[in-house]
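Structural overview for review
Next come the chains, spelled out residue by residue.
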Amino acid sequence: MTLINEKFVVHTKGNTEIKDITRQVQNAVYKHSLQNAVVYVYVAGSTVSITNIEYEPGLLKDLPEALDKIAPVVKDYHHDDTWHDGNGYAHVRASIIGNSTMVPLLDGALQLGQWQQIVLIDFDNKARTRTVHVQILY
Ligand code: ZN
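Quick caveat, the model's predicted, so the values are computed rather than measured.

In this model, threonine 16 sits at a positive phi of 65°, which is unusual for a non-glycine residue. With respect to the secondary-structure elements, threonine 16 resides in the loop between β1 (3-12) and β2 (17-20). Residue threonine 16 is classed as buried on the basis of its relative accessible area, which comes to 11%. One non-glycine residue with positive phi stands out, namely serine 33, at about 50°. Structurally, serine 33 is set in the loop between α1 (22-30) and β3 (37-43).

Given below as structure tokens:
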């Protein structure tokens, strides 16, 4: 088994901005011309997530609206009592969604559905710069 480590940087506006990172992941993987591999996509940080979605305007509203019900921005959070950074909602959302995804590479193609994109969602309450790690195991 061999491990390749790739990474790229994503600049976000925060505030539950959803960014399509599919192209960056594809570029990181396809430049190695591999046939079969496990592709692990991970972002470090406790107020940011990586997941999959159909990247279309309706869902880009539906997902934040659903999260607003689970962890509203305007609410008293115990975390904010501790740090007073006003982003308790962001931590809760990031914990629920998670911060990684895995995609199989089979016969040279990442096995994403036609309407399935890889997205980074930055929940923090300010602009951030995030580093996405792509580990390729083959
Ligand atoms: Zn915080």
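There's more to say after this.
Position of threonine 47 among the secondary structure elements: in the loop between β3 and β4 (48-53). Looking at threonine 47, its side chain comes within polar contact range of the side chain of arginine 130, at 2.9 Å.

Bringing the pairing of strand β5 (residues 100-106) into the picture now. Burial along β5 is one-sided: Thr101, Val103 and Leu105 are buried, while Ser100, Met102, Pro104 and Leu106, pointing the other way, are not. The pairing of β3 with β5 spans six bridges and is classified as antiparallel. Bridging across to β5, tyrosine 42 finds its partner in serine 100. Bridge count for β5 against strand β6 (residues 109-110) is two bridges, and the pairing is antiparallel. From the neighbouring strand, leucine 106 faces β6, where its bridge partner is alanine 109. Counted between consecutive antiparallel strands, the loop separating β5 from β6 contains two residues, among which aspartate 107 sits at a positive phi close to 50°.

Moving on, we get to the coordination of the zinc ion. The zinc ion binds to the protein through His79 (NE2), Asp85 (OD), Asn87 (OD1) and His91 (NE2); the donor distances cover 2.0 to 2.2 Å. With four donor atoms in place around the zinc ion and angles of 87 to 165° between them, the coordination shape is irregular. When its relative accessible area of 21% is taken as the criterion, histidine 79 is described as partly exposed. Residue asparagine 87 is classed as buried on the basis of its relative accessible area of 5%.

Reading guide: rules and limits
- Note on numbering: residues in each chain are counted from 1, in written sequence order.
- Note on the predicted model: pLDDT of at least 70 is required for a residue's local features to be given, and 80 or more for side-chain atom pairs to be given and counted; whole-chain, interface and lining totals, by contrast, use all residues.
- Excluding hydrogens and water, the side-chain figures rest on all heavy atoms present in the structure.
- What counts as a helix is a DSSP run of H or I of at least four residues, what counts as a strand is a run of E of at least two, and both are numbered from the N terminus.
- The buried label applies to any residue whose accessible area, calculated with a 1.4 Å probe on protein chains only, is under 20% of its type's maximum; exposed applies above 50%, and partly exposed to all values in between.
- Under the rule applied, a polar contact is a pair of N or O atoms within 3.5 Å (in protein, one hydrogen donor and one hydrogen acceptor; residues adjacent in sequence only if both atoms are side-chain atoms).
- Strand pairing is assigned whenever DSSP detects at least two bridges linking the two strands.
- In this analysis a donor is any N, O or S atom within 2.8 Å of a metal ion (3.2 Å for sodium, potassium and calcium), and since water is not included, sites may seem incomplete.
- Metal sites are grouped by the angles between bound donors: all angles between 85 and 135 degrees with four donors is tetrahedral, opposite donors over 155 degrees apart with the others between 65 and 115 is square planar for four donors and octahedral for six, and any other pattern is irregular.

Coordinates in, geometry out; function isn't part of it.
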